[in-house]
Amino acid sequence: MSTPTRSGKVLHIDWTRCDARGSCTELLPELLRSDPWGYPLPAGGGSDVAIPAHLAAAARDAVGLCPVLALRLS
Amino acid sequence: MTMVDAHVQGGHAITPPTGTARLLAADDPAHAAHLARFGALPGRRGADAVIAELERAGLAGRGGAAFPTWRKLAAAAQSGRSGVIIANGSEGEPLSAKDSTLLHRSPHLVLDGLLLVAAELGAAEAHLVTTSAQLAPIRRAMDQRADAGGIRLHETHDRFVAGEASAVVNGIERGRAIPRDHVVRLTASGLGRRPTLVLNVETLAHIALVLRFGADWFRSIGSSDDPGTRLFTVVRGGERAVVEAAGGTLLSAVLRAGGADPARVRAVLVGGFHGAWVTGDAIDAPMSPAGLAPFGASPGAGILMVLPRGECGLARTAQITAYLAEQSAGQCGPCANGLPEIAEAMGRVGRRDRNSSLPRQLRELTALVTGRGACHHPDGTARMVLSALDAFDHDLRAHARGLCQEAAA
Amino acid sequence: MNEALWALGRGTGVVALVLLTVTVVLGILTRSGRPAFGLPRFAVTLVHRNSALIGAVFVLIHVVTLLFDPYAQLNAVDFFVPFLGSYHPFWLGLGTVGLDLLIAILVTALLRRWIGQRVFRVVHWAAYALWPIALFHSFGTGTDAGAPLFILLAVACSAVVVGAVIWRTTTAFQLRNRTTPDRRIEPSRIAADQKTKELR
Ligand code: HEM
Ligand SMILES: Cc1cc2nc3c(=O)[nH]c(=O)nc-3n(C[C@H](O)[C@H](O)[C@H](O)COP(=O)(O)O)c2cc1C
Ligand code: SF4
Ligand code: SF4
């Protein structure tokens, strides 16, 4: 097993906006779980998730479909 | 710097303070006493030279995070745009009294620091933020000198998170001092999207002294990893005493200076409500980052809260946790939902609930909230709670059996 | 030819009404933050957006065909400025208002990353005005307005939208745990006691 190649992109969660709508956890189940209150929980904790190359498209969808614009890719 | 370089002011020489009374060395808060003790503002030398001097001094921020001050200045200067300097005198931590004491006793050192940094960095604006009790003394100080007219003074509310840097910026901009999400550092984009330097008022007062008397003078006291002096607030019961001591002074010595008898101390909450509980050997540890690191603590904003013998640390921790949960700005899900749950579980531990899974629940919940907020409030709360589980490990087991060794009740 | 245009104009109008109905319901579901009809949450948002866009395409065809319709006698100004036309000025005017609202909602929705969530949300509430306006417009101008099939459709659409809006206003709509940025908490007693102590 090799580690997946990084896309160089980082997904940032703005907690002041996130309203636990959960669409990002549906789109990126490999990277985000749902915490007991419904908020996205990155595998390594924290507010920023490094996006592997093969999930870059899903991450872009997550950003576009978050109903409250709580996600940013940079 | 030696006596030879002593500044000359109005015909008599100014000697740099020699003891541990530096920030609080002036006889009274008036401008005349300030000039008599410290001399006039040093001349301009350019941003690069200022940053280099602060780097040699090794001054770290006194607002809690202990970030090297020169690095923050360098980051703000690097943007090349004219920015904003904010003196942070919010002192949201209810245990702390050092910033308000400094603003009452030595307001001119803080104003000096603010004006010097603003001038050297070519800042467009200089702001000073504090709570209502300090407004009058600062206004008085500003009126006593001709160069402080441009400083904008702001009142902030007495809320724990109001002093967090992005909350301070938010408060000035929109009148609501609650933290906001920032992916880029404030030194790149803060107030009105301009480069913004938020510095604790004590940090600014030290800058005023370093730029007068030099880095060598600054380092002539304190330890190599914590040079210079620091203001500490020693809290015992309802009493708070502010002490200026050299960096690296033994915790027990600071306690004694603050009127607490180390022999009657059961534990100390080092660094305030976001700090860590220490017991036993730690009471004789040096109050420096390296000295406290083995005990999982750091000097933070210099708060030392004493837990006297006969008082239950777990019950006290439960009380503090409830306060911190209430103080969440309530805008980030994990913080708004997680802290009340942590407080609930901690409350049950404090009340000697016999549920033995509570410590595990607390470890899970604290892990869950850490790093998941727009500010470090959840992280600080989690750290304090975890340190209590370690420091009061014995009592934890007693509480699970419905007993308490410390409080007889 | 004219008959064909007229039919196309009516047909696309009816389809647009149905799509807007679907859009409003899915918008409310998006806001609720719940999965629906076997669709995960992200798909609810996605279908909401797509039905809005397809609906807009139908509205466009609807409007453009009428531009070439000799009975309606519309000109370009009537598309954007309501109540000036000669044919059923009031009912047609409603259609124009609806078109303006639709354009505003779509443009702000597509640009929401740039204009910010607050402006987007305020303009988006116009959807609740847009839908009834579109319905009344179809009743007033439509040649089919009296047809039983159309009435059946209109009643069904209304029932769905009214039902969704009622649900939207009930407390059951809000999920627990939501954070509201304006939540205010009074400082606790610890803070009050210690802060009011005189400092020196
Ligand atoms: C490309 C176009 C559109 C996009 C991207 C879009 C996106 C959204 C989003 C993200 C929400 C959730 C807002 C929130 O949770 O705060 C929403 C809600 C909603 N949308 Fe749209 N929308 C579009 C077009 C429309 C149109 C044309 C209509 C009207 C027919 C409409 C009606 C609604 C309604 C009624 C809501 C619920 C609002 C509420 O009650 O808060 N949308 N839309
Ligand atoms: C929850 C929270 C509360 C804070 N409160 C204060 C405060 O009251 N005063 C302060 O100077 N810094 C406070 N800080 C630290 C500031 O964010 C910031 O780091 C500091 O003002 C920077 O100054 P310094 O580099 O001089 O330490 C707080 C941080 C957090 C996370
Ligand atoms: S989609 Fe947006 S609101 Fe929903 S959980 Fe993810 S970040 Fe939060
Ligand atoms: S983490 Fe908590 S205290 Fe900090 S901004 Fe978010 S809700 Fe407020």
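Residues numbered from 1 in each chain as written. Chains lettered and ligands numbered in written order. Predicted model: local features only at pLDDT ≥ 70, side-chain atom pairs only at ≥ 80, totals over all residues. Heavy atoms only, no water.

Q: I'd like a description of the overall build of chain B, backed by residues and values.
A: Across its full length, chain B carries 16 helices and 13 strands. Computed over its C-alpha atoms, the radius of gyration of chain B comes to 22 Å, within 12% of the 22 Å expected for a compact globule of 409 residues. Taking the principal axes of its C-alpha atoms as reference, chain B extends roughly 70 × 45 × 35 Å. Considering only contacts in chain B between residues 6 or more positions apart, those separated by 24 or more positions represent 69%. Here chain B displays about 15100 Å² of accessible surface, and carbon together with sulfur accounts for 50% of that area. Here chain B carries 42 positive and 39 negative side-chain charges, and the mean point of each set is 3 Å from the other. (Helix = DSSP H or I, 4+ residues; strand = E, 2+ residues; numbered from the N terminus. Rg over C-alpha atoms; globule rule 2.2 N^0.38 Å. Contact = heavy atoms within 4.5 Å. Areas by Shrake-Rupley, 256 points an atom, 1.4 Å probe, with all protein chains shown as cover. Lys, Arg positive; Asp, Glu negative; His and termini not counted. Charge placed at Lys NZ, Arg CZ, Asp CG, Glu CD.)

Q: Give a detailed account of the coordination of the iron atom of ligand 1, specifying residues and quantitative values.
A: Residue and element names in this part refer to chain C. For the iron atom of ligand 1, the protein coordination sphere consists of His48 (NE2) and His124 (NE2), at 2.0 Å. Each of the six donor atoms bound to the iron atom of ligand 1 contributes to angles spanning 81 to 179°, and the resulting shape is octahedral. Of this pair, His48 sits in helix H2 (residues 41-67) while His124 is found in helix H6 (residues 117-124), placing the two residues 76 residues apart along the sequence. Under the relative-accessibility criterion, His124 is labelled partly exposed at 21%. (Donors = N, O, S within 2.8 Å, 3.2 Å for Na, K, Ca; no water. Tetrahedral: all angles 85-135°; square planar, octahedral: opposite > 155°, others 65-115°. Buried < 20%, exposed > 50% of the residue type's maximum accessible area, 1.4 Å probe, protein only.)

Q: Can you break down helix H3 (residues 69-78) of chain B residue by residue, with the values?
A: All names here are of chain B. Residues Thr69, Trp70, Leu73 and Ala76 constitute the buried set of H3. Seen along its axis, H3 keeps its buried residues to an arc of 125°; they face one direction. Buried positions along H3 lie against helix H2 (47-57), strand S6 (196-200) and helix H8 (201-213). A positive backbone phi angle near 80° is found at Gly80, which sits one or two residues after H3. (Arc of directions from axis to C-beta.)

Q: Report on a nonpolar patch on the surface, specifying residues and quantitative values.
A: Residues and elements named next belong to chain C. A surface patch of nonpolar side chains, about 980 Å² in accessible area, is lined by Leu53, Val77, Phe80, Val81, Ile103, Val107, Leu110, Leu111, Trp114, Ile115 and Val119. When residues of the nonpolar patch are traced back to their parent elements, those giving at least two are helix H3 (76-80), helix H4 (89-110) and helix H5 (112-115). Sorting elements by how many residues they give to the nonpolar patch places H4 first, with three residues. Of the residues examined, Leu53 reaches a relative accessible area of 34% and is grouped as partly exposed. (Patch = residues over 30% accessible without salt bridge, like charges linked within 9 Å, V, L, I, M, F, W, Y side chains within 5 Å. Salt bridge = Lys/Arg side-chain N within 4 Å of Asp/Glu carboxyl O.)

Q: Explain the site of ligand 3 residue by residue, including any values.
A: Every residue near ligand 3 is listed here: Cys18, Asp19, Ala20, Arg21, Gly22, Ser23, Cys24, Pro40, Cys66, Val68, Ala70 and Leu71 of chain A. Residues that form the shell around ligand 3 fall into these classes: eight nonpolar, two polar and two charged. (Near = heavy atom within 4 Å. Nonpolar A, V, L, I, M, F, W, Y, C, P; charged D, E, K, R; others polar.)

Q: Which residues make up the site of ligand 4, and what values go with them?
A: What surrounds ligand 4 is a group of 13 residues, the closest being Ala329, Gln331, Cys332, Cys335 and Cys375 of chain B. For the shell around ligand 4, a count of residues per class yields eight nonpolar, five polar and no charged.

Q: Describe in detail helix H8 (residues 148-169) of chain C, supporting the description with residues and values.
A: All names here are of chain C. Taking 1.5 Å as the rise per residue, H8 with 22 residues should run 32 Å; its terminal C-alpha atoms sit 31 Å apart, in good agreement. If you check which residues of H8 are buried, you get Phe150, Ala154, Cys157, Ser158, Val161, Ala164 and Arg168. The arc enclosing the buried residues of H8, seen along the axis, measures out at 135°, which places them on a common side. Along H8, the residues that are exposed and aim more than 90 degrees away from the buried face are Pro148, Leu149, Leu152, Val155, Ala159 and Ile166. (Expected span 1.5 Å × (residues − 1).)

Q: Report on the pairing of strand S9 (residues 229-236) of chain B, specifying residues and quantitative values.
A: Residue and element names in this part refer to chain B. Among the eight residues in S9, seven count as buried, and that is most of the element. When S9 meets strand S10 (residues 239-246), the two strands line up antiparallel, connected through eight bridges. Looking at S10, one finds that Val234 is bridged to Ala241. Between S9 and S10, which pair antiparallel and follow one another directly, the connecting turn spans two residues, one of which, Gly237, has a positive phi of 55°. Summarising the sheet, S9 and strand S13 (residues 303-308) pair through three bridges and their orientation is parallel. Bridge pairing in S13 places Val234 opposite Leu304. (Pairing = 2+ DSSP bridges.)

Q: Summarise the interface of chain A and chain B; cite the residues concerned and give the values.
A: It is common to give the size of an interface as the accessible area lost on bringing the parts into contact. Counting residues at the interface gives 15 residues for chain A and 17 residues for chain B. Note on chain A versus chain B: buried area summed over both sides is about 1300 Å², and carbon and sulfur give 62% of it. Ranking the residues of chain A by area buried against chain B places Trp15, Thr16 and Trp37 of chain A at the top, with a combined share of 53%. Across the chain A-chain B interface, the total number found is two salt bridges. In this structure, Arg72 of chain A and Asp181 of chain B form a salt bridge, with 2.9 Å as the shortest nitrogen-oxygen distance. The interface formed by chain A and chain B holds six residue pairs in polar contact (both at pLDDT 80 or more) in total. Put simply, the parts of the chain that give the side of chain A that touches chain B at least two residues each are strand S1 (6-13) and strand S3 (40-42) of chain A. Looking at the side of chain A that touches chain B, the element that brings in the most residues is S3 of chain A, giving three residues. By residue class, the composition of the side of chain A that touches chain B is eight nonpolar, four polar and three charged. (Buried area = accessible area lost by both parts, 1.4 Å probe. Polar contact = N/O pair within 3.5 Å; in protein donor to acceptor, adjacent residues only side chain to side chain.)

Q: Explain the nonpolar core residue by residue, including any values.
A: Grouped together as the largest cluster of nonpolar side chains are 67 residues, with contacts concentrated most on Leu28 of chain A together with Phe273 and Trp277 of chain B. The element best represented in this core is helix H13 (residues 333-350) of chain B, accounting for seven residues. Beyond its immediate stretch of four places on either side in the chain, Phe273 of chain B contacts Glu93, Pro94, Leu95, Phe160, Met305, Ile320, Tyr323, Leu324, Gly380 and Met384 of chain B. Counting residues in each nonpolar core, the second largest holds 49 residues, with Ala26, Leu103, Val117 and Val201 of chain B among its members. (Core = buried A, V, L, I, M, F, W, Y, C linked by side-chain atoms within 4.5 Å.)

Q: Account for the environment of Gly330 of chain B, naming residues and giving values.
A: Counting through the fold element by element, Gly330 of chain B comes out in the loop between helix H12 (313-326) and H13. Sequence spacing of Gly330 of chain B and Ile178 of chain B is 152 residues, and the spatial spacing of their C-alpha atoms is 9.5 Å.

Q: Can you break down the packing of helix H5 (residues 107-120) of chain B against H8 of chain B residue by residue, with the values?
A: Residues and elements named next belong to chain B. Close contact between H5 and H8 brings their axes to 7 Å; oriented N to C, the two are set at 75°. Viewed along their axes, H5 and H8 adopt a mutual orientation that is roughly perpendicular. Note on element contacts: H8 touches H5 through Val201, Leu204, Ala205, Ile207, Ala208, Leu209, Leu211 and Arg212, opposite Leu109, Val110, Asp112, Gly113, Leu114, Leu116 and Val117. Its residues assigned to classes, the contact of H5 with H8 shows twelve nonpolar, one polar and two charged. (Axes fitted to C-alpha atoms, helices over the stretch in contact; angles between N-to-C directions. Parallel < 35°, antiparallel > 145°, perpendicular 65-115°, else oblique.)

Q: Give me the lowdown on the packing of aromatic side chains, citing residues and values where you can.
A: The final tally for this structure, using the stated rule, is five aromatic pairs over all chains. Measuring from centroid to centroid gives 6.5 Å for Phe160 of chain B and Phe273 of chain B, while their planes differ by 15°, and the two rings are stacked. One end of the pair, Phe160 of chain B, is in the loop between strand S5 (152-155) and helix H7 (165-174); the other, Phe273 of chain B, is in the loop between strand S11 (265-270) and strand S12 (276-278), with 113 residues separating them in the sequence. Of the two residues, Phe160 of chain B and Phe273 of chain B, neither departs from the other in class, the shared state being buried. Relative to Tyr323 of chain B, the ring of Phe273 of chain B lies with its centre 5.4 Å away and its plane at 65°, an arrangement referred to as edge-to-face. Remark: Tyr323 of chain B occurs in helix H12 and Phe273 of chain B occurs in the loop between S11 and S12; sequence separation between them is 50 residues. Each member of the pair, Phe273 of chain B as well as Tyr323 of chain B, carries the same accessibility label: buried. The structure contains a cluster of three or more aromatic residues connected by ring pairs, namely Phe160, Phe273 and Tyr323 of chain B. Sitting over the face of the ring of Trp217 of chain B, Arg22 of chain B holds its NZ or CZ atom 3.8 Å from the ring centroid. Across the ring face of Phe120 of chain C, the terminal group of Arg112 of chain C is positioned such that the distance to the ring centre comes to 5.5 Å. (Phe/Tyr/Trp six-rings, centres within 6.5 Å; stacked < 30°, edge-to-face > 60°. Lys NZ or Arg CZ within 6 Å of the ring centre and 35° of its normal.)

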